[in-house]
Amino acid sequence: MKKILISICAILIIFSQAASAQIPDYLDEDRTILLSGMHAGTAWYIDKNSVEVLKEDRPNYQIAVKVLTVRYDFFSGEIQKVVGEKINKYLYQKDAKKMYRWENENWQYIPPVGSLAETGNDAIGEMTFYIAYDEKFYGGQKWLYEKTGEWKSPNFGENIYKIVDESN
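Residues numbered from 1 in each chain as written. Predicted model: local features only at pLDDT ≥ 70, side-chain atom pairs only at ≥ 80, totals over all residues. Heavy atoms only, no water.

A. The arrangement of empty space enclosed by the protein in detail. For the structure on display, the rule yields 1 cavity of 30 Å³ or more. Estimates place the volume of the largest cavity at around 140 Å³. If you tally residues by element for the lining of the largest cavity, the top one is helix H3 (residues 124-133), at 3 residues. Residues belonging to the lining of the largest cavity are distributed by class as follows: 10 nonpolar, 4 polar and 3 charged. (1 Å grid on protein atoms, 1.4 Å probe; cavity = no way out; pocket = protein on both sides within 12 Å on 5 of 7 lines; lining within 4 Å. Points joined across faces, edges and corners; volume = space filled by probe spheres on them. Helix = DSSP H or I, 4+ residues; strand = E, 2+ residues; numbered from the N terminus. Nonpolar A, V, L, I, M, F, W, Y, C, P; charged D, E, K, R; others polar.)

Structure (structure tokens):
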């Protein structure tokens, strides 16, 4: 019984270490290509130099950014290859406190809190606004999650602002 418990503990330690493999905050050590999200072997990086304010009609803003989709080794965190590149467009309604992404010929609302399926698994929109205006859009505050009635922080952490700040 003792051997079984030791074996189980060893397996759990190995898998917890493997699952926590870190991928780099900057692609190929280029501090203009910033990690914005990752999930199960896919990561998204934004090109900081590509951030372009398309329309500024305060309190509404439209901003575009180049996004690179990257495959990485889930266990080691080693970057394998860039598999895609596209331009994402975001609409920010500051007074209404709402962010949207242009998707399928429509503005799709990105809620500040919720499951990853609801909010997306990246912080591209938040990072893009932060790069353009040096201020947080959804971050730094709690939001009411209507499904549960709880006040929650956005899915992304403060680390995204650190990545941007340290890229300068």
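B. Spotlight on unusual backbone geometry. The step from Arg58 to Pro59 runs through a cis peptide bond, and the omega angle for that step is 15 degrees. Along the chain, the position of Pro59 falls in the loop between strand E2 (42-57) and strand E3 (60-72). Located in the positive-phi region is Lys97, a residue other than glycine, with phi close to 55 degrees. One non-glycine residue, Asn104, adopts positive backbone phi at about 55 degrees. Relative to the assigned elements, Asn104 resides in the loop between strand E5 (98-103) and strand E6 (106-110).

C. Representation of the layout of surface pockets within the structure. The volume enclosed by the largest pocket comes to roughly 370 Å³. Lining the largest pocket are 18 residues, with Leu35, Ser36, Gly37, Met38 and Ile160 positioned closest to its centre. Counting residues per element, the ones that place at least two in the lining of the largest pocket are strand E1 (33-39) and helix H4 (159-166). Here the lining of the largest pocket gets 4 residues from one element, more than from any other, and that element is E1. For the lining of the largest pocket, a count of residues per class yields 8 nonpolar, 8 polar and 2 charged. Estimates place the volume of the second largest pocket at around 250 Å³. Lining the second largest pocket are 13 residues; nearest its centre among them are Tyr109, Pro111, Pro112, Leu144 and Glu146.

D. Summary view of the pairing of E2. The sheet contact formed by E1 and E2 spans 6 bridges and is antiparallel. Paired with Met38 across the strands is Ala43, a residue of E2. Connecting E1 to the antiparallel partner E2 that follows it, the hairpin turn spans 2 residues, and Ala40 within it adopts a positive phi of roughly 45 degrees. As paired elements, E2 and E3 share 11 bridges and run antiparallel to each other. For Tyr45, the partnering residue across the bridge sits in E3 and is Leu68. Hairpin connection from E2 to E3: 2 residues lie between these consecutive antiparallel strands. (Pairing = 2+ DSSP bridges.)

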